[in-house]
4 protein chains.
Amino acid sequence: MLSINVENNFDQIKHYCGLVGIYSDKLRNIPQDLFYTLFTLQHRGQEGAGIAYEKNGNITVYKDLGSVPAVLSKYLSLERLTHVGIGHVKYSTKGGNKIENVQPLYATCNKGHIAIAQNGTITNAAEIKKSLVEIGAIIQSTTDTELVLHLLSRTKKDTFVDTLKDVLRRIEGALTFVMMHDNELIASRDPHGFMPLWIGKKDGITVVASETCALDILQITDYREVMPGEIIRVTEKGVESTYIEQRKLSFCIFELVYFARPDSYVFGRSVYQMRKKMGMALAEADEADNIKGDLVMSVPDSGNYAAIGYALRSGLPFEYGLSRNHYVGRSFIMPSQAERELVVRMKLNPIREVVAGKVIIMVDDSLVRGTTSKIIVKMLREAGAKEIHLRLSSPEVKCPCYFGIDITSRKELISNRLDNKGIAEYIGADSVKFLPVEKLKECVDAGDNFCCGCFDGKYSVKIEGEN
Amino acid sequence: MLSINVENNFDQIKHYCGLVGIYSDKLRNIPQDLFYTLFTLQHRGQEGAGIAYEKNGNITVYKDLGSVPAVLSKYLSLERLTHVGIGHVKYSTKGGNKIENVQPLYATCNKGHIAIAQNGTITNAAEIKKSLVEIGAIIQSTTDTELVLHLLSRTKKDTFVDTLKDVLRRIEGALTFVMMHDNELIASRDPHGFMPLWIGKKDGITVVASETCALDILQITDYREVMPGEIIRVTEKGVESTYIEQRKLSFCIFELVYFARPDSYVFGRSVYQMRKKMGMALAEADEADNIKGDLVMSVPDSGNYAAIGYALRSGLPFEYGLSRNHYVGRSFIMPSQAERELVVRMKLNPIREVVAGKVIIMVDDSLVRGTTSKIIVKMLREAGAKEIHLRLSSPEVKCPCYFGIDITSRKELISNRLDNKGIAEYIGADSVKFLPVEKLKECVDAGDNFCCGCFDGKYSVKIEGEN
Amino acid sequence: MLSINVENNFDQIKHYCGLVGIYSDKLRNIPQDLFYTLFTLQHRGQEGAGIAYEKNGNITVYKDLGSVPAVLSKYLSLERLTHVGIGHVKYSTKGGNKIENVQPLYATCNKGHIAIAQNGTITNAAEIKKSLVEIGAIIQSTTDTELVLHLLSRTKKDTFVDTLKDVLRRIEGALTFVMMHDNELIASRDPHGFMPLWIGKKDGITVVASETCALDILQITDYREVMPGEIIRVTEKGVESTYIEQRKLSFCIFELVYFARPDSYVFGRSVYQMRKKMGMALAEADEADNIKGDLVMSVPDSGNYAAIGYALRSGLPFEYGLSRNHYVGRSFIMPSQAERELVVRMKLNPIREVVAGKVIIMVDDSLVRGTTSKIIVKMLREAGAKEIHLRLSSPEVKCPCYFGIDITSRKELISNRLDNKGIAEYIGADSVKFLPVEKLKECVDAGDNFCCGCFDGKYSVKIEGEN
Amino acid sequence: MLSINVENNFDQIKHYCGLVGIYSDKLRNIPQDLFYTLFTLQHRGQEGAGIAYEKNGNITVYKDLGSVPAVLSKYLSLERLTHVGIGHVKYSTKGGNKIENVQPLYATCNKGHIAIAQNGTITNAAEIKKSLVEIGAIIQSTTDTELVLHLLSRTKKDTFVDTLKDVLRRIEGALTFVMMHDNELIASRDPHGFMPLWIGKKDGITVVASETCALDILQITDYREVMPGEIIRVTEKGVESTYIEQRKLSFCIFELVYFARPDSYVFGRSVYQMRKKMGMALAEADEADNIKGDLVMSVPDSGNYAAIGYALRSGLPFEYGLSRNHYVGRSFIMPSQAERELVVRMKLNPIREVVAGKVIIMVDDSLVRGTTSKIIVKMLREAGAKEIHLRLSSPEVKCPCYFGIDITSRKELISNRLDNKGIAEYIGADSVKFLPVEKLKECVDAGDNFCCGCFDGKYSVKIEGEN
């Protein structure tokens, strides 16, 4: 029996991974801290979780396929006092869904003991792998990250940080890392800045994490974003920063559109505020086109914050048009033969009282295949909706991502097959409108610093077959 | 290690149970239907789940402690074709959290094979039990429901429905049932009407269920509410209704305040609409008192719909002031020594951008102990909120419920210890205001038909020590 | 996927159940004692296990389908100090393999709290059930034992023991019980003595158990057999014995042939010694027939002890002709489509060096369907055995058991279809010989006190359709 | 709670590992074959199990800590048709009990895809690891086996087999392997021949396995032992053999004493026959010393076959003096604070009828710490044994093993602390006698070809600090 998880939004772009690293001056139950912080980053990866921490001069790694609670909850009742640890939640990108690819990876080499976790995809991995294999390296996983371990081992500089710099210069793509090197914590953010990384301090502990919500759970308020190209080393002597050359800045705009938690800051911006502004821009466009609904609703929860913006700007009332079943997704697998429609109905149900007889502006973040939207529109119609206008707070998704996001194949992307009118017809909506890429950039004050490759096909890194 | 479930809102009134019964003219995979419908009623009870269905002339019962997916998901991949089945989700009321008390109960007796599931509490159970034991009955569980089985066996009337009527007349309190009697489906709604019960039909199947959302998942649109005192019998000959004498109508007002799903109808009313009206009434009261916030937000998800009403009536913008972690509660147990504050922080995190510097109207449904609210207020203050005005869409909870709701002891109820000003001080809010019981009744057009016992201590059934 | 357990000797008669009861003057971790003692009785029932013990004036019951370790091992790390407890291992007899039927059963009634566990089958259960149901009893399981609870509740005598006597007189068949009545331990052995029951004392604890091996694990050396019809009551005042009228003695001869552990005593006899004598009798018969093998081997482990006896009497060498895989049966399920032959091969493998070229006397305890024997004979032939003479230490099994043993249907019993020559042909042996019933009785000095119903169809209790 | 497995004979020398490799001309469900064959080798390692098989041109690896059924039973209901696969059962030797160290290991390198499983320990591993790390290798496990993968990758010869030969020449110690190289099966037996390895063919499948019992389960009768130093390569073209230089032959004599299954052949010898001869030699020694018992019994099951030999040679009757509980060890963990005595009693119980008043010759295979023997002797005394003479079918264990066996530290070995008289006193026996190493060699016709290092400290490989 093949099966699909009800929670799995088969119609949604998948997140990056999430990273945490913790260093404490005093002995501290760091595995437990890693649990709490990784749990706040669970939205960045639900398919695997793992931690590494220092124990008796060695590094203990514990990881498995599964959610943070499924894999790590045993640490809630254990006391493992230590000075340093790192953690990772994983959405399977290139590596496939195998235990070998769950992170952190660990190795002993001529640099000592290293544990490492990565966020993003190395674009010249194939070439690096080839050269490594030629000189005799054995590759035991299908993660990019293992290649980094090999490079670290084969590079000889005065210090570990210098070695790391050299390695980082050799790799291309998205390359944000947290590491343990013996009993030191090392973190490095991608010189393009594709992925976010933050550092905060409180009471002798230093924490690096992908989003600020992970710092919030530890009640850390003193934090800043790690700079693109910055390498951080935390030891008993404190925090040291050093840098490699910044490359073309390429903040992933999808973090602001959908990935990051609304209560987080990424790229110096409030995620919530950015999404609200996207919704406002959608409202402005409708105003220009003289489209007026009776109410605004969101597809929960991806469309929530843009819908709020739309309501504020348009003056239309915000209402809950769909009720969401909170119990969906809790260790619960549907047989694969179940129709998608039933799966959607288990998660969402229209609130007839809200939608019956109404002209509805329905806001979501993006449109991939359109399957779920089609079912939702059908349900809303059955509940009596008069008109349904779907508004997306991002542009048409048309191109692949080479840096760590899982987007379905080009031909499955509905915007590669149909224009807006065709999409509206396909999903049964009265109209469908996307936020143009220029408007989106305006909303987030993007300047030239963001990667919008999945929308416009422009990548800041040379990709074989693209560019 | 004792433990507390992060999901468990230790500060929330607990639901009743949920019931489903299905009869199909043709052979049909009813256990799977029961899975889907019970799953929509999961909010009515997460501590146990069970089904009974006809198999080869006998009744098969499958039940256990745990959620619907945990207990019943094996039925997703099985085909069990049958004509009739019933299902139950349970929040432990009187019976304690033991496997013996999970429903449906099953027995063979001189009336044949009976499976039964109950919603509500029998108020004269002690007296009935005493008389049964005196004449030699053996009691194998601590549920009220077992007593009903004994009474059915000991009562002799011409038909099973007549026997049931006789039994229903002997018991007092809240007594809504679904049953299988051999291969018939029987459902009876409480003559006070405490709990909701609906019946719908489609393509030869008849479904009874506690809320309409359970009918929605089967795409049944032809339904009506079962009447207080109505007994329904479904056989191959069709659906028959009969009645026992109605008693003083006593619809549980808490169904509208908090229990039922917002997309359901109960007591002939739209739950969503009622909650919106409660929020509007709160806004009117604030207008009268000349209190004006910068924005309205809810404590998710219990305050969502009243908050919408407040926003609509007051003209204030509705915003998400708290981000909710969707992964909370998925088979994940916190060690009991964890502080409550951490537990709340794992579930909710303020969105600083929304609340900083703002005068906030925060809407929730009710206030029990005040512990969670106190933590939320603290978090919002830390995030920079200027003023926090807590508004509750129900009156002060001051009295116990004798009909199936789990309310903490009188002395733990904050409204029995403090007045509104004292409460505001305790939780750190700038003001706290409840919706007066008369206003609440007005909102739901209650007339004299609702039980507000938990607010006003007036019960429609004689309770030893009360009244 | 249906499945069969490799351990399940689908070709073997199934055991009775096993009982333990413990009373301690001082507070003691009795659940742990129950674990150890039930574990020694695991061979008497592997399909369910349960215990009941006194806790704060009430009775706690913990039971489930599964082996003693699977169900009860959590008690190895708990301390539950108490004075009294009972335990049960179950092979599903009449009740079918459902959780409802796992014992001990528990009820509250006008006699107080009662927990009860039973060994054996009540032969007039149908009639008792009918009369109970007529007067209004509800029956929640399909065990005989629930009927006993009903009868206890409905019978009124001065003392509980008198009530029990009255009940025991009403029931027929095999009726050995251990009970808790509030904080007293009660045990009663069947007035026919079908099943064994022992009582031992040491250091202020009193233990009743089905076999002496359960007393051995607690290092109790002061013990005696409970008498047929004896009722034992253990309270803080000590042990009291009382009796109901003995009935026709009917010790189950299969306990000596196969059920009981070889290190146990039952019916005043050493199980090991009896089996050795059966083997000697087989040797004598072969000597009379002038059959001479090269060696004696057993089908492990059921034939081990008779094989030893055969070797001693015949002077032939005892050898291990089959190697047994110790890992078979450990929570390991074969798909049902696997051939039986593979299942047997996973458990047993011939030792070529022993059997090649040899005339083999192969001893087993009994022959049911002959399927396994047929496979073993085939394997031995492949390994080079020259001649194979199968000897069974019991007579032909031809009749059902009404007292608690699970024998396959009459028509599946090979001895009802074929004579010895036909059987030899069917299984591929050179000869097959059973121990005649008279010889078997002689070996165990049976007198007129044993039930050999499964061999000779003579039952000491009136059975509808037999006798 | 630390815990000890009841099955774990804490007083027993631990096995090597077990290996299987299968190649089939036609597509075949090889994972299922691996299950059955590994299950027959379960006695060679219970702490981890794994398989690798070819799938769509790649190699799939599935492995975990746990028994064969626990880890691999899912393959019983799957169909995975393929041409080649390898399997491994593991007793943790050097690598510690971590998932990273469970085999087969897998890597991609310049030789293609390789999966590998190993039996034995490399004695110059430290030196090899050092040189690998120096040139930049990263080491991700603590197994010796990973080093072999590195060496294979770094060695360049014309063919893979030539490369392997080169690698095998570089490593010292016990080095028997099964491998998949892309879709080829490779097996190589140690040039010392420490561990056994067999190859068999039937109907187009070729199987290599540690013991013949693994071939038996597949009903393969056409087999031979792989030669020391032989390398076997199986492809679609058939089986090819090639050799590296044989080294000093060093068959592990403990395979014959205890490790291998009695129904297996290893080193060209019948295990059963060898053990019987050891028992005969013990009997001869007692005859010379004029010691005469009433009966012979074994410590089950390690002493079974030598006991048979003793009985045959001495003419004394063989009897079962101890009953073994078959349910011990099935996923069942004792709390660590339980006394060892209780653990032994749960497994073994004397048969009073056999031992009371008797002079007993008790045969076991070897003596490590003596703890278990001491408890058994105590139990037999309590059961009335008159005299107990312990006979061991091997010499005094006094030295460590460097080739893959887990022997406790020198100082814990009882024979390093006490002479035979002292041992008898310590364990409470009337006498203790070992089989002298010369006699043992004679029994197995050892010539100069066996390693008896654990008895005599003579190793055929240079060991730092020994020799």
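Computed from a predicted structure; not experimentally measured.

Student: It is not clear to me how the pattern of salt bridges should be interpreted in this structure. Could you clarify?
Tutor: Oppositely charged side chains can pair when the atoms bearing their charge come close. Considering all chains together, one arrives at 93 salt bridges over all chains under this definition. Residues E184(B) and R233(B) are paired through a salt bridge, measuring 2.8 Å at the closest nitrogen-oxygen approach. Of this pair, E184(B) sits in strand 9 (residues 184–188) while R233(B) sits in strand 13 (residues 230–235); the two residues are 49 residues apart in sequence, bridging distant segments of the chain. The class for R233(B) is partly exposed, based on a relative accessible area of 21%. Among the charged side chains, a network of salt bridges with common partners joins D286(A), D289(A), R391(A) and K433(A).

Student: I keep staring at the relation of the copies chain A and chain D and nothing clicks. Help me out?
Tutor: Put simply, the two copies of the chain differ by a rotation about an axis and a shift along that axis. The transformation that overlays chain A on chain D combines an axial shift of 0.0 Å with a rotation of 178°, and the residual RMSD is 0.1 Å. Put plainly, the chains are arranged around a two-fold axis. In terms of C-alpha distance to the rotation axis, chain A has A137(A) as its closest residue, with the C-alpha 3.5 Å off the axis. The residues that chain A uses at the interface reappear at the interface of chain D in 100% of cases, marking a shared surface.

Student: Explanation requested: the pairing of strand 3 (residues 48–55) of chain B in the structure shown.
Tutor: Note on strand geometry: in a regular strand, side chains alternate between the two faces of the sheet. Residue and element names in this part refer to chain B. Within strand 3, seven of the eight residues are buried, which leaves the element mostly enclosed by the surrounding structure. Hairpin remark: strand 3 followed by strand 4 (residues 58–65), antiparallel, with two residues in the connecting loop; positive phi at N56, about 50°. Across six bridges, strand 3 lies against strand 5 (residues 81–90) in antiparallel orientation. Following the sheet pairing, A52 is matched in strand 5 by I86.

Student: Would you mind showing me how to read the interface of chain A and chain D here?
Tutor: Frequently, the measure chosen for interface size is the accessible area removed from exposure when the parts meet. Each partner contributes residues to the interface: chain A has 19 residues there, and chain D has 19 residues. Summed over both sides, the interface between chain A and chain D buries roughly 1,700 Å², with carbon and sulfur atoms accounting for 49% of that surface. It is T108(A), I138(A) and Q140(A) in chain A that bury the most area against chain D; as a group they hold 32% of the surface buried on that side. For the pair chain A and chain D, the interface holds zero salt bridges. There are 11 residue pairs in polar contact (both at pLDDT 80 or more) connecting chain A and chain D. Secondary structure elements with two or more residues in the side of chain A that touches chain D: strand 6 (105–109), helix 3 (125–134) and helix 4 (145–154) of chain A. Ranked by residue count, the leading element in the side of chain A that touches chain D is helix 4 of chain A, at five residues.

Student: So what exactly am I meant to see when it comes to the packing of aromatic side chains here?
Tutor: To describe a pair of aromatic rings, you give the distance between the ring centres and the angle between the ring planes. Applying the stated criterion across every chain yields a total of 74 aromatic pairs over all chains. Aromatic side chains F35(A) and F39(A) sit 6.2 Å apart centroid to centroid with 5° between the ring planes, which places their arrangement in the stacked category. One end of the pair is F35(A) and the other is F39(A), both in helix 1 (residues 30–40) and four residues apart, which spans about a single turn. Across the pair, F39(A) and F35(A) agree in class, each one buried. Considering the side-chain rings of F194(A) and F403(A), the 4.1 Å spacing of their centres and the 25° angle between planes classify their relative orientation as stacked. Residue F194(A) is located in the loop between strand 9 (184–188) and strand 10 (198–202), and its partner F403(A) is located in the loop between strand 23 (387–392) and helix 13 (414–417); the two are separated by 209 residues in the primary sequence. Feature note: the residues Y272(A), Y305(A), F318(A), Y320(A), Y272(B), Y305(B), F318(B) and Y320(B) constitute an aromatic cluster, connected by ring pairs. Positioned above the aromatic ring of Y62(A), the side-chain terminus of K74(A) is 3.9 Å from the ring centre.

Student: Would you take a moment to explain the interface of chain B and chain A for this structure?
Tutor: Counting residues at the interface gives 57 residues for chain B and 57 residues for chain A. Between chain B and chain A the total buried area reaches about 5,200 Å² when both faces are included, carbon and sulfur atoms providing 58% of it. The interface formed by chain B and chain A holds two salt bridges in total. K276(A) is the partner of E319(B) in a salt bridge, and the nearest nitrogen-oxygen pair spans 2.5 Å. For the pair chain B and chain A, the number of links is 26 residue pairs in polar contact (both at pLDDT 80 or more). Split by residue class, the side of chain B that touches chain A holds 28 nonpolar, 15 polar and 14 charged.

Student: Would you mind showing me how to read the pairing of strand 13 (residues 230–235) of chain C here?
Tutor: Residues and elements named next belong to chain C. Counting buried positions along strand 13 gives five out of six residues, so the element sits mostly inside the fold. Relative to strand 13, strand 9 (residues 184–188) runs antiparallel, the two being bridged by four bridges. The residue of strand 13 that forms the bridge with A187 is I232. Pairing between strand 13 and strand 14 (residues 238–243): six bridges, direction antiparallel. Residue pairing for strand 14: T235 is matched across the bridge by G238. Once strand 13 ends, the chain turns through two residues before running back antiparallel as strand 14.

Student: Please clarify how the sheet that holds strand 5 (residues 81–90) of chain D should be interpreted in this entry.
Tutor: Sheet strands line up and pair through hydrogen bonds in the backbone, either parallel or antiparallel. Residue and element names in this part refer to chain D. The seven strands lie next to each other as 4-3-5-2-11-10-12, forming an open sheet whose pairing is antiparallel. Pairing within the sheet leaves two strands with one partner each, and these edge strands are strand 4 (58–65) and strand 12 (222–225). Ignoring which end each strand starts from, the neighbouring axes of this sheet average 15° apart. The pairing of strand 10 (residues 198–202) with strand 11 (residues 205–209) spans five bridges and is antiparallel. Bridge pairing in strand 11 places K202 opposite I205.

Student: It is not clear to me how helix 4 (residues 144–154) of chain B should be interpreted in this structure. Could you clarify?
Tutor: The periodicity of an α-helix, 3.6 residues per turn, causes residues three or four places apart in sequence to face the same way. Residues and elements named next belong to chain B. Burial analysis of helix 4 places 10 of its 11 residues in the buried class, which makes it a mostly covered element. Looking only at helix 4, the buried set comprises D144, T145, E146, L147, V148, L149, H150, L151, L152 and S153. Tucked inside the fold, the buried residues of helix 4 contact strand 6 (105–109), strand 7 (112–119), helix 3 (125–134), helix 5 (160–170) and strand 8 (176–181).

Student: When you look at the side chain of E146(D) in this model, what are you seeing that I'm missing?
Tutor: Within the element layout of this structure, E146(D) appears in helix 4 (residues 144–154). Of the side chains with opposite charge, K129(D) lies nearest to the buried E146(D), which makes no salt bridge, at 7.6 Å. For E146(D), the side chain forms a polar contact with the main-chain nitrogen of Q140(D), separated by 2.8 Å. Excluding anything up to four places from it in sequence, E146(D) contacts I138(A), Q140(A), L105(D), I138(D), I139(D), Q140(D) and S141(D).

Rules of the game
- Residues numbered from 1 in each chain as written.
- Chains lettered and ligands numbered in written order.
- Predicted model: local features only at pLDDT ≥ 70, side-chain atom pairs only at ≥ 80, totals over all residues.
- Heavy atoms only, no water.
- Salt bridge = Lys/Arg side-chain N within 4 Å of Asp/Glu carboxyl O.
- Helix = DSSP H or I, 4+ residues; strand = E, 2+ residues; numbered from the N terminus.
- Buried < 20%, exposed > 50% of the residue type's maximum accessible area, 1.4 Å probe, protein only.
- Least-squares fit on C-alpha atoms with pLDDT ≥ 70 in both.
- Contact = heavy atoms within 4.5 Å.
- Pairing = 2+ DSSP bridges.
- Buried area = accessible area lost by both parts, 1.4 Å probe.
- Polar contact = N/O pair within 3.5 Å; in protein donor to acceptor, adjacent residues only side chain to side chain.
- Phe/Tyr/Trp six-rings, centres within 6.5 Å; stacked < 30°, edge-to-face > 60°.
- Lys NZ or Arg CZ within 6 Å of the ring centre and 35° of its normal.
- Nonpolar A, V, L, I, M, F, W, Y, C, P; charged D, E, K, R; others polar.
- Axes fitted to C-alpha atoms, helices over the stretch in contact; angles between N-to-C directions.
- Lys, Arg positive; Asp, Glu negative; His and termini not counted.

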